[in-house]
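What follows is the residue order along each chain.
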Amino acid sequence: MVGLDVTYADAFGVAAAVVIDVATLSVVEVATASGPVSFPYVPGLLAFRELPLLQDALARLSVSPRLLVCDGYGVAHPRRFGLASHLGVLLDVPSFGIAKTPYVGAFSDIADARGSWADMVDDGEVVGRAVRTQTGVKPVFVSAGHRIALPDCTSLAVRLSGRYRIPEPTRQADILSRRVLAES
């Protein structure tokens, strides 16, 4: 499983791809790619900004990813096709998104217990889930991207969250991309 994230400083970005062992949640391999970003930040069009760097980072891994976990959205997107969907379709690899803040859809109250969730509904359609990965902390927002079902994304979001709110694949990718950017 590969966690993905991109960190920016103005028009420069660093993408990180982090391979995680699902059984131990330990980092197996990392790869980064950095460079200028030509597409501006436009809400709803993040994939166009991040895809080139993410593809470059993924190409630097020695293993082919079997599942992509993106810091972003899949179908919980105004066009029902966010970053996780774009990348999954482009590479024909199962993918889903995990975000820290809601983008589209409303959800009901969630119990405080780890593993609790509520559907995110937008225009009458379930587009994702608000998922509590740790007891008593804010939820994360999970949505399927490509070739994976929402219940599996929900289970994986909880399973991949060791001690922290953010699941380990995207948490490690965020840490790595920020560190590499700071060193640039």
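The rules behind the values
Residues numbered from 1 in each chain as written. Predicted model: local features only at pLDDT ≥ 70, side-chain atom pairs only at ≥ 80, totals over all residues. Heavy atoms only, no water. Helix = DSSP H or I, 4+ residues; strand = E, 2+ residues; numbered from the N terminus. Buried < 20%, exposed > 50% of the residue type's maximum accessible area, 1.4 Å probe, protein only. Polar contact = N/O pair within 3.5 Å; in protein donor to acceptor, adjacent residues only side chain to side chain. Contact = heavy atoms within 4.5 Å. Pairing = 2+ DSSP bridges. Axes fitted to C-alpha atoms, helices over the stretch in contact; angles between N-to-C directions. Phe/Tyr/Trp six-rings, centres within 6.5 Å; stacked < 30°, edge-to-face > 60°. Lys NZ or Arg CZ within 6 Å of the ring centre and 35° of its normal.

Visitor: Any chance you could break down the side chain of Thr7 for me, citing the residues and the numbers?
Guide: Locating Thr7 in the fold gives a position in strand 1 (residues 2-9). For Thr7, a relative accessible area of 10% puts it in the buried group. Separated by 2.6 Å, the side chains of Thr7 and Ser177 make a polar contact. Sequence-distant contacts of Thr7, defined by excluding residues within four places in its chain, comprise Phe12, Gly13, Val14, Asp174, Ser177, Arg178 and Leu181.

Visitor: So, the sheet that holds strand 3 (residues 27-36): which residues are in play, and what are the values?
Guide: Here eight strands make up an open sheet; going across it, the order is 3-2-1-4-5-8-7-6 and the pairing mixed. Each of the sheet's edge strands pairs with one partner strand only, and the pair in question is strand 3 and strand 6 (117-122). Shown here is a sheet whose adjacent strand axes are inclined to one another by a mean of 25°, direction ignored. Along the sheet, helix 1 (residues 46-59) contacts strand 1, strand 2 (12-20), strand 3 and strand 4 (68-71); its crossing angle with strand 1, the most-contacted strand, is approximately 125°.

Visitor: Report on the packing of aromatic side chains, specifying residues and quantitative values.
Guide: The final tally for this structure, using the stated rule, is three aromatic pairs. Seen from their ring centres, Phe39 and Phe48 are 5.6 Å apart, and the 35° between their planes marks the pair as tilted. Phe39 gets classed as partly exposed once you look at its relative accessible area, which sits at 27%. Centre to centre, the rings of Phe107 and Phe141 are 5.5 Å apart; their planes meet at 55°, and the pair counts as tilted. One end of the pair, Phe107, is in the loop between strand 5 (95-99) and strand 6; the other, Phe141, is in strand 8 (residues 140-146), with 34 residues separating them in the sequence. A relative accessible area of 33% places Phe107 in the partly exposed class. Lying across the ring of Trp117, Arg129 places its NZ or CZ 3.5 Å from the centre.

Shape is all these values report; function is a separate question.
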